[in-house]
Structure formats: structure tokens, C-alpha cells
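Examination of the molecular architecture
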Amino acid sequence: MHVPSLKEAKIRNKKEVLTKTYENIKESKLEKLGLNKTYYIKTYGCQMNEHDSENIKAILEEMSFKETDTMENADFIILNTCAIRENAHNKVFGYLGRIKHLKQEKEDLIVAFCGCMAQEESIVKELTQKYKWVDIIFGTHNLHELPTILYHALQSKKQEVEVYSIEGDIVENIPVKRANKYKAWVNIMYGCDKFCTYCIVPYTRGKQRSRKPEYIIEEVKALKKQGYLEVTLLGQNVNAYGKDLNSNYKMENLLEDVAKTGIERIRFVTSHPWDFTDKMIEVIKKYPNIMPYIHLPLQSGSDRILKLMGRRYTKEEYLKLYQKLKEALPYSSITTDIIVGFPGETRKDFEETLEVVNKCQFDSAFTFIFSPRVGTPASKMEDNISLEEKNNRLQELNKLVNKYAKERNDWYLNKTVPVLIEGFSSKDETKLMGYTDTMKLVNVDGDKKYIGQIVDVLITDIKTWSMDGKIKTD
Ligand code: 5AD
Ligand code: SF4
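Residues numbered from 1 in each chain as written. Chains lettered and ligands numbered in written order. Predicted model: local features only at pLDDT ≥ 70, side-chain atom pairs only at ≥ 80, totals over all residues. Heavy atoms only, no water.

**Observations concerning the packing of helix α10 (residues 278-286) against helix α12 (residues 315-328)**
- With their axes 10 Å apart at the nearest point, α10 and α12 run at an angle of 25° to one another. Taken together, α10 and α12 sit at an angle that is classed as roughly parallel. Two packed elements cross with a definite hand, and for α10 against α12 that hand is right-handed. Together, Asp278, Ile281 and Lys285 of α10 and Leu321, Lys324, Leu325 and Ala328 of α12 make up the contact between the two elements. (Axes fitted to C-alpha atoms, helices over the stretch in contact; angles between N-to-C directions. Helix = DSSP H or I, 4+ residues; strand = E, 2+ residues; numbered from the N terminus. Parallel < 35°, antiparallel > 145°, perpendicular 65-115°, else oblique. Left-handed = near helix turned anticlockwise from the far one by under 90°. Contact = heavy atoms within 4.5 Å.)

Structure representation (C-alpha cells):
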């Protein structure tokens, strides 16, 4: 049994991170463990978690489990959780309540709890005390150990808790069952060393560890060969890629090498303004297969709050970078993340955030009310703003964000833009759907033969969060 410790998770050791391969650590004798059994995964949170679930699915299928699409039918339910804000927590505990009922009806149902919440000391304590019926708890650093943990849980018939606070080595070649046939997520790094004061990620995902470039390039080449058209390079703070590799190989080098593979579309998330170099901008400009789309979290427009958040840039620096990006890449779309109601945020601070939004006129923004996370410095800061006031600020901000999102989209009316057609629209089965190079969702009229292709689409109607269009070649 290994339980997480917040104190240990904070530590950044200088230990060299080694690279292992999954083939060398998996135990082949467990390949039949899931025979005639089904699994169901419920995933919360970011793309990183979604991608982890793609790995978990493939690991389970190597053990002969088969996927089922309802949790009621499953013999094994896995909850892959998110810890970023309180509401993610609440949703997970609500879901656990539903699973408890199933477990009462079906005695041999196996339940696993993993992801970022499993890395939290207080959560694991609660699970071991009040949720003893959860069979397996494992963390973000050891999902590759799932077969062995499951095996032990089935043998011992006791709750197995295997969560490490300190990240281990990088494991390459973990199998993956991708959700999409044309777009793939590719991890380029794990963890984060920025320690923004509100953020739990540096504790739940550990220290920054970059994958070696050769593995990333190999993965992209293999994806291209399999017919994938788009890769999204994933990391909590991708611009800091390579800083831990003891070489001069940085994000701009990686972007360039990935671009040279010739894969049609490359995206990368998430960027921190601090590490966005001029060289990166040059590379993005030079290669047409690096998409003109940048997610650049602002968090706040007040220097005072940015300092309290530990963001390491000022409003002016953010605006300067934004300007530079827009000048170099005028066609690009830029989106952001903003937190309102950070402890001590005054009306004036908030107005400075609105001012930056007015200046940047983002293509879209994810907006959040500050949520105190146990163990982070911001959770201990004095917070005297009422929830009502925070909600009002969020509404006010959203109104402004939506106005600019619509205005940005309006530019596209009657223009022809490239769209990767992914499949049928979930809202209207008679339409196709896909994303532009600038990451705008388009519902498209056209023949289904274009699914899996990048085609020219004439934009015919604009909404705040999507557009309508028709395929030009039709
Ligand atoms: N409270 C509210 N929002 C948060 N985010 C991260 N931590 C918190 C928190 N404690 C937001 C940030 C980040 C996005 C992924 O989630 O805006 O960029
Ligand atoms: Fe969290 Fe992002 Fe800051 Fe890292 S850079 S601590 S993931 S907000």
C-alpha cells in the first residue's frame, strides 16, 4: 500500500528521469485476467486525462477486457478523476454514489479510482475510510501498473492503494486505444514546475519531465503512417519542453522536427506566456502545418493579482506577447483561461482583467471562479469576496468574452477555410462536423465521403460557439 503525501509531492528532486519501455515491465501472465469481462471508463478533466484513459483502455484490452458503453453493463468501472476545481470533485463523489448502488446489486463488480484526485492525500484518506468498497486506487504516475494492481486486488479481496507522491521514470510504448481516427493526442511532457499559487497540478502530476524527442517524433511518424491527419502535442506547460533534458533542445526545436514529419496539422497545448520565445513564433510562422491557433492563459489582468498567483508576468508583458503573436500570425486565433475571484481580488483588479479582454478580444476564453485547492498557497490566502460577487464577476466577464467570440467568428462569414471533417454532427445527424485550422467548430453540409479529409468549406452562418458551412468542392 502506498498513499500520497502532499509534503512529498511538493518536493522537486534532482534525480535523473530514466526512460523505460512498457514491454519490459508488463507481465504477460495477466493477459487473460479480463476474459469474458467488460469495462467502462468515466473520464473527467483535461485532454491529458482523456489521453490517459486511452492508455488505460488499451492496457485493459491487452488483458482481454472488452469495452462497454454503459456502466450498468460493466464488470469493471474505472473513474479517471480531475482535481483542478471543487466542482470536479463534487461530480466524482456524486458518481461514486451511483456506483455504490451497482456494487450492492453486483457483488463481483470491480471499481477503480484513479487520476488527479487519487493523488490527493485528503481524498485517499476519505476513500480508505468511507469508501472501502472501492477496490483499487492508483495515481497518475503509475497507470502502467494497473494489471499488477488489479491482479493483487482480485487475489487479496482487499482495497489496493498504490499511489506514489514522487513521480517515477517515463514509460514509453504504453498501448493506446485512440478515441478519434484522424486526430491524436501526443504527450510531450509530464508534470509542471511552475507552481502557480492556485494550482494543484504540480502536486498531482509531479515534476516536469520531458519525453525524449526521438520517441515523440517516432510516435508522430507512426500516426501519420496510420492515416492520422492531426496531432496535438500535450503538456501542462508545453513551452517549457526540454528544460529538464540537459540539452539545448527546446520547444521550438521539437515543433520544427514535428513539422518536418509532414503530418498535416499540428497543435500544442497549453502554453505559458513566460516561456513563449521569439524562436517559437518564427517556427510557427515558417511551417504551414503548425496550426494558427494558440491557447495563452491570462488568468488575470491585474499585476497585483498576477503576482499573488505567481504567474511571473505582468499585464504589459502579456499584452506585448499577444501583440507580437498577432503581428507575426495575423490570421491566428488566440484563446485564453481566466480566473475571477482570486483571494483579495478587488473590483479594480477585476476591471483590469476586463480591460485586457477588451484589448485582446480573444477568440474564446475558459472562465472560472477561483476554487481553493487543499495544500496550495492560494488556499491559505485571505478571501473576503462573497460567492455572489464572484458569480456576478463571472457573468460580467462571460458577457464580454461571448461578445468578442461572436465578433471574431463574424469575420469568417462568406470566407472559405480548411476544415478537417471528423464525422457526423452530434446535434444534427444530417450534417458533418469538423474544426478549422484556427480551431473553430463548423457544422458542415456535404457528402459523408469527405469524412477524414481536410476540405475547403464556405462559411454560411455564424453563431457564438460554432459556425455553419458547406463543402466548396460539392
Ligand atoms: N481555481 C479556479 N480555476 C483554476 N484553474 C486552475 N486551478 C484553478 C483553481 N484553483 C484554471 C486555470 C487553468 C485552467 C486549466 O484551470 O485558469 O489555466
Ligand atoms: Fe498549473 Fe498551468 Fe501554472 Fe502549471 S503553469 S502550475 S499547470 S496553471
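**Considering the site of ligand 1**
- Around ligand 1, the structure places Ile84, Arg85, Tyr198, Gln299, Asp337, Ile339, Phe368, Ile369, Phe370, Ser371 and Arg373.
- Backbone polar atom of tyrosine 198 to a nitrogen atom of ligand 1: 3.0 Å apart, as the coordinates give it.
- Within the backbone of serine 371, an N or O atom sits 2.8 Å from a nitrogen atom of ligand 1.
- Protein contact buries 86% of the 410 Å² of open area that ligand 1 shows by itself. (Near = heavy atom within 4 Å. Polar contact = N/O pair within 3.5 Å; in protein donor to acceptor, adjacent residues only side chain to side chain. Areas by Shrake-Rupley, 256 points an atom, 1.4 Å probe, with all protein chains shown as cover.)

**Some thoughts on the packing of aromatic side chains**
- Enumeration according to the criterion identifies 13 aromatic pairs in this entry.
- For the ring pair tyrosine 313 and tyrosine 318, a centre distance of 6.0 Å and an interplane angle of 40° mean the geometry is tilted.
- Note on tryptophan 411 and tyrosine 412: the rings are 5.0 Å apart at their centroids and 85° apart in plane angle, and the pair reads as edge-to-face.
- Looking at tryptophan 411, the relative accessible area reads 44%, which means it is partly exposed.
- These aromatic residues form a ring-pair network of at least three members: Tyr313, Tyr318, Tyr322 and Phe362.
- Directly above the ring of tyrosine 44 sits lysine 42, whose terminal nitrogen or CZ lies 5.6 Å from the centroid.
- Directly above the aromatic system of phenylalanine 368 lies the positively charged group of arginine 85, at a separation of 3.7 Å from the ring centroid. (Phe/Tyr/Trp six-rings, centres within 6.5 Å; stacked < 30°, edge-to-face > 60°. Buried < 20%, exposed > 50% of the residue type's maximum accessible area, 1.4 Å probe, protein only. Lys NZ or Arg CZ within 6 Å of the ring centre and 35° of its normal.)

**Quick word on the pairing of strand β5 (residues 110-115)**
- Burial within β5 is extensive, with 6 of its 6 residues counted as buried.
- Burial along β5 is two-sided: Ile110, Ala112 and Cys114 and Val111, Phe113 and Gly115, pointing in opposite directions, are all buried.
- Sheet topology places strand β4 (residues 76-81) next to β5; 6 bridges connect them, and they run parallel. The partner of isoleucine 77 across the bridge, within β5, is valine 111. (Pairing = 2+ DSSP bridges.)

**Things to note about the domain arrangement of the protein chain**
- Segmentation of the protein chain into domains returns domain 1 (6-162), domain 2 (170-410) and domain 3 (416-471).
- The gap between the C-alpha centroids of domain 1 and domain 3 is 36 Å. (Domains from an automatic or database assignment.)

**Focus: the site of ligand 2**
- Around ligand 2, the surrounding shell consists of Cys192, Lys194, Phe195, Cys196, Tyr198, Cys199, Val201, Pro202, Gln236, His272 and Arg311.
- Tallied by class, residues from the shell around ligand 2 come to 7 nonpolar, 2 polar and 2 charged. (Nonpolar A, V, L, I, M, F, W, Y, C, P; charged D, E, K, R; others polar.)

**Some points on the sheet that holds strand β9 (residues 183-187)**
- One open sheet holds the 3 strands; their spatial order is β9-β12-β13, and the pairing between them is parallel. The strands lining the two open edges of the sheet, one partner per strand, are β9 and β13 (265-269). Going from strand to strand, the sheet's axes swing by 25° on average, the running direction of each strand aside.
- In this sheet, strand β12 (residues 230-234) lies alongside β9 in parallel orientation, the contact comprising 5 bridges. When the bridges of β12 are listed, valine 186 appears paired with leucine 233.
- On the sheet, helix α8 (residues 213-225) packs against β9 and β12 and is oriented at approximately 170° with respect to β9.
- Relative to β13, helix α9 (residues 251-260) is tilted by about 155°, and along the sheet it contacts β12 and β13.

**Here we look at the sheet that holds strand β6 (residues 136-138)**
- The sheet built from 6 strands is open, its strands ordered β3-β2-β4-β5-β6-β7 with parallel pairing. Only two strands of the sheet have a single partner each, and these edge strands are β3 (66-67) and β7 (160-162).
- Pairing geometry for β6 and β7, over 3 bridges, is parallel. Among the inter-strand pairings, phenylalanine 138 is bridged to a residue of β7, identified as glutamate 162.
- Taken strand by strand, helix α4 (residues 86-105) contacts β2 (38-43), β4 and β5, and its axis lies near 170° from that of β4.

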